[in-house]
Number of protein chains: 2
Amino acid sequence: MSITVEEIKNVLDWISEFGKDETGGMTRLLYTESWMNAQQALKGKFEELGMETCFDAVGNLKGTLTGTEDGAGTVATGSHVDTVVNGGKLDGQLGIIGGYIAIKHLFETYGRPKKNLAVLSIAEEEGSRFPSVFWGSKNLFGIASEEEVMNIEDIDGVRFTDAMHQCGFDFADGNPSLLADTKQFVELHIEQGNTLEMEQKSVGIINGIVGQKRYNIFLKGEANHAGTTLMKYRHDVIQVYAKIVTEAVAAAKEVGDPLVLTFGKINVKPNVVNVVPGEAIFTMDVRHTDGEILNSFTRKVEELMKEKAKEEGVEIEIDCWMDEKPVPMNDKMIAVIEEACKEKGLNYRIMHSGAGHDSQIIAPRIPTGMIFVPSIRGISHNPAEDTKLKDILQGIEALELTLYKLAY
Amino acid sequence: MSITVEEIKNVLDWISEFGKDETGGMTRLLYTESWMNAQQALKGKFEELGMETCFDAVGNLKGTLTGTEDGAGTVATGSHVDTVVNGGKLDGQLGIIGGYIAIKHLFETYGRPKKNLAVLSIAEEEGSRFPSVFWGSKNLFGIASEEEVMNIEDIDGVRFTDAMHQCGFDFADGNPSLLADTKQFVELHIEQGNTLEMEQKSVGIINGIVGQKRYNIFLKGEANHAGTTLMKYRHDVIQVYAKIVTEAVAAAKEVGDPLVLTFGKINVKPNVVNVVPGEAIFTMDVRHTDGEILNSFTRKVEELMKEKAKEEGVEIEIDCWMDEKPVPMNDKMIAVIEEACKEKGLNYRIMHSGAGHDSQIIAPRIPTGMIFVPSIRGISHNPAEDTKLKDILQGIEALELTLYKLAY
């Protein structure tokens, strides 16, 4: 029996009760009651299917459909169970319930797989409650350190470790990694962008997650009277800023996709109509799937910034405070997913991910692939986050056949 | 006996006691106690010199040294007595005490003039207490309307009319204009810019006050994820803004002095590092002494703005909320002042004013000239506002000889 959109809708509606907020959005923060209830409910759901379930030391949940070949290892899927504050009902949990539905149908159709088939409900990815991200996926590999979370608190002053203990978890209790015998990992996720929608595709096969650099740039010129200071006597930070943005954006467009360049924030002093701006701080966010292209582009833009500042006699300070390397997906995994899409006749394309995901922690350690479904108007982290059910269906079908190929 | 810097310093220090604030700046707002005390003290000072004094219906003060030729009319000088909040000790009152010192020396050297010689202490120019500017100079010509001030209040909720009545003035009492028989007017003022300083000049002869247009520009694009939205799918308001600023500034520099163009204010939404900016509001301030050049330039920039917005699929709304025409000074007055500067061997240049002054209200009605002295580092409206005493001396000497040529 094929997966239906009704089934997807039912399971989505059921899981979305945990953390539903007043505005119609989702707020399910790490180690809160709604988070704990969601994990317990998923545990029950997995067990109903005959899966073995297990929490690790920090609250990552795994449901395993045991395979018939002893020692053949596990093929895992899943995503994160936490949300941002007032987020949508797909970011994260779609990968859990999509994995669950795919495995359920495989089991009902073909019986037990050769390899184990597991679905992970990863504890945390968003960093929405505490100033820490990828806590869940990092703990799948023992690469999170206790120091990271020892002294952090949420906005209400609740300590991370207290919240964790209250849910019955203890970083130090020595549970084995849930991915210890996992041979492949596939994550289903919403795109959170508009590329699939613009190109009228239902499924994206991810070839890599972008590397990302973020900057703060400080400009110090001279605030002057807008009427009495001739153009030639100005040190106008906005003139410098505008040239930097214009030329850097043109250079980015020349490099082409998947390079993205964003000047998201600008604060000017004194920021009044009749004074030449004397100071500015602005941000730059640059991403590309190829680390070398990313670095050569940012080197070029840094030079451009200094040059433009110098031309106007403006001081500049460039602070690169985030530098995350790109993470390629596994070529064989990409090939298997593409094969699955072709066989199913799905409307897919190969693409990169411009946002971070649990898979970026997993991919360097286990052969990993990702499947995207479109986000309507690219909206995410918002109650309006949505995907057509027929597209979600295609995403789960791609996942189902991929898991079949890997585990049966 | 020549004017000395000591004398200038003494009179400046004396008048600066009225409204001196804790931070070393000046705060002398219209119809406050310090304002009233300053006007009364000036009245006394003028009378000591044997001047006839008179307040008009709104508190403009005139001191007149009566001339010997009956009906020959008056040559007047002066400036405004009010200051901004925490302003400097020269903006405005320099023109009053400079006029007083010049007339005093002329009287002491040459006795009574043929024409009357008058010094005006104009009630208000800055608009710092109430939302109304040029209240003083407009009342010199009966062009201020009572409606303008009937319903306005200061920041503490004090009504304009109550404050005026408390100082003993009443807009409606029908005093004759203080400038009724005035044939020429000259205003001495600080530059409030850095042109004289940069060009190492002590005196500026003003040929005109700039026309000025101010705009609010609204841009509405689409806020998107900075990582997942390809460059070609963006409607980024900052890209539009940067192109507008870059191209408009280049066009302004091509037009050349005295065109000045300032993008002083920019507010972006949501203004965060990892979101493509979806909305922006920014300002534009453009000034030129030639109204036609000013208008043809702004027409061009308005077209440019629309074009750049269209290129990126961004909506634009352009609101020109201030459009003040340029005010030329009187050619004969410019010639007389220049003659005076030459005869005195002063270090002068002819220039325009990029800021507004009482003279822009007076010039269309009475032949008017202006004399500038340099502002150190161009600073004004700030306790650090200053001018070298030797430069002030040259400015007063230019004024003295100009008044001599016109009145003796």
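Since this is a predicted model, take the numbers as computed values, not measurements.

## Some details on the overall build of chain A
Helix and strand content of chain A: 12 helices and 16 strands. The C-alpha radius of gyration computed for chain A amounts to 24 Å, which stays within 12% of the reference 22 Å derived for 408 residues, consistent with globular compactness. Dimensions of chain A, computed from C-alpha atoms along their principal axes, come out at roughly 80 × 50 × 40 Å. The 408 residues of chain A split such that 60% are buried. Partitioning the intrachain contacts of chain A with sequence separation of at least 6 by distance along the chain shows that 78% fall at a separation of at least 24. Total accessible area on chain A stands at roughly 15,600 Å², and carbon and sulfur atoms take up 48% of it. Charged side chains in chain A number 41 positive and 62 negative. The centres of these two groups are separated by 5 Å.

## Looking at helix α12 (residues 389-407) of chain B
A rise of 1.5 Å per residue sets the reference length of α12 of chain B, with its 19 residues, at 27 Å; its end C-alpha atoms lie 26 Å apart and thus fit the reference within 8%. Judged by how many residues are buried, α12 of chain B sits mostly within the fold: 15 of 19 residues are covered.

## A few points about the domain arrangement of chain A
Residue and element names in this part refer to chain A. Taken domain by domain, chain A consists of domain 1 (5-210 + 326-407) and domain 2 (211-324). Spacing between the C-alpha centres of domain 1 and domain 2 amounts to 37 Å. Each partner contributes residues to the interface: domain 1 has 8 residues there, and domain 2 has 9 residues. In total, about 590 Å² of surface goes out of reach between domain 1 and domain 2, with carbon and sulfur atoms giving 61% of it. The largest per-residue losses of area from domain 1 upon contact with domain 2 belong to V210, P326 and H352, which jointly make up 75% of the total buried on that side. Our count for the contact surface shared by domain 1 and domain 2 stands at 0 salt bridges. Inspection of the domain 1/domain 2 interface yields 1 residue pair in polar contact (both at pLDDT 80 or more). Among the residues making up the side of domain 1 that touches domain 2, the classes are represented as 4 nonpolar, 4 polar and no charged.

## As for the packing of aromatic side chains
Residues and elements named next belong to chain A. Under the definition given, this model contains 30 aromatic pairs over all chains. Both rings, one in W135 and one in F160, keep their centres 5.0 Å apart while their planes meet at 85°; by these two values the pair is edge-to-face. With W135 in helix α4 (residues 135-139) and F160 in helix α6 (residues 160-166), this residue pair connects regions lying 25 residues apart in the sequence. W135 sits in the buried class, given a relative accessible area of 0%.

## Quick look at the UniProt feature "domain: Peptidase M20 dimerisation" (unreviewed entry) in chain A
Mapped onto this numbering, the UniProt entry gives "domain: Peptidase M20 dimerisation" (unreviewed entry) at residues 209-311 of chain A. End-to-end, the C-alpha atoms of residues 209-311 of chain A are 37 Å apart, and along that stretch the chain is 39% helix and 31% strand.

## Quick look at the confidence of the model for chain A
Across chain A, the average pLDDT comes to 95, with 99% of residues at or above 70. Model confidence for the complex: the whole-complex pTM is 0.86, and ipTM, which rates the interface, is 0.86.

## Some thoughts on the interface of chain A and chain B
On the chain B side, the residues contacting the 57 residues of chain A number 57 residues. Carbon and sulfur atoms make up 56% of the surface buried where chain A meets chain B, a total of about 4,800 Å² over both sides. Among the residues of chain A in contact with chain B, M231, Y233 and V273 of chain A are the three that bury the most area, contributing 14% of the side total. Where chain A meets chain B, there are 4 salt bridges. Residue K232 of chain B is joined to D257 of chain A by a salt bridge in which the shortest nitrogen-to-oxygen separation is 2.8 Å.

Reading the values: rules and limits
Residues numbered from 1 in each chain as written. Chains lettered and ligands numbered in written order. Predicted model: local features only at pLDDT ≥ 70, side-chain atom pairs only at ≥ 80, totals over all residues. Heavy atoms only, no water. Helix = DSSP H or I, 4+ residues; strand = E, 2+ residues; numbered from the N terminus. Rg over C-alpha atoms; globule rule 2.2 N^0.38 Å. Buried < 20%, exposed > 50% of the residue type's maximum accessible area, 1.4 Å probe, protein only. Contact = heavy atoms within 4.5 Å. Areas by Shrake-Rupley, 256 points an atom, 1.4 Å probe, with all protein chains shown as cover. Lys, Arg positive; Asp, Glu negative; His and termini not counted. Charge placed at Lys NZ, Arg CZ, Asp CG, Glu CD. Expected span 1.5 Å × (residues − 1). Domains from an automatic or database assignment. Buried area = accessible area lost by both parts, 1.4 Å probe. Salt bridge = Lys/Arg side-chain N within 4 Å of Asp/Glu carboxyl O. Polar contact = N/O pair within 3.5 Å; in protein donor to acceptor, adjacent residues only side chain to side chain. Nonpolar A, V, L, I, M, F, W, Y, C, P; charged D, E, K, R; others polar. Phe/Tyr/Trp six-rings, centres within 6.5 Å; stacked < 30°, edge-to-face > 60°. UniProt positions renumbered as here; feature names shortened; annotations may be inferred. pLDDT = per-residue confidence, 0-100.

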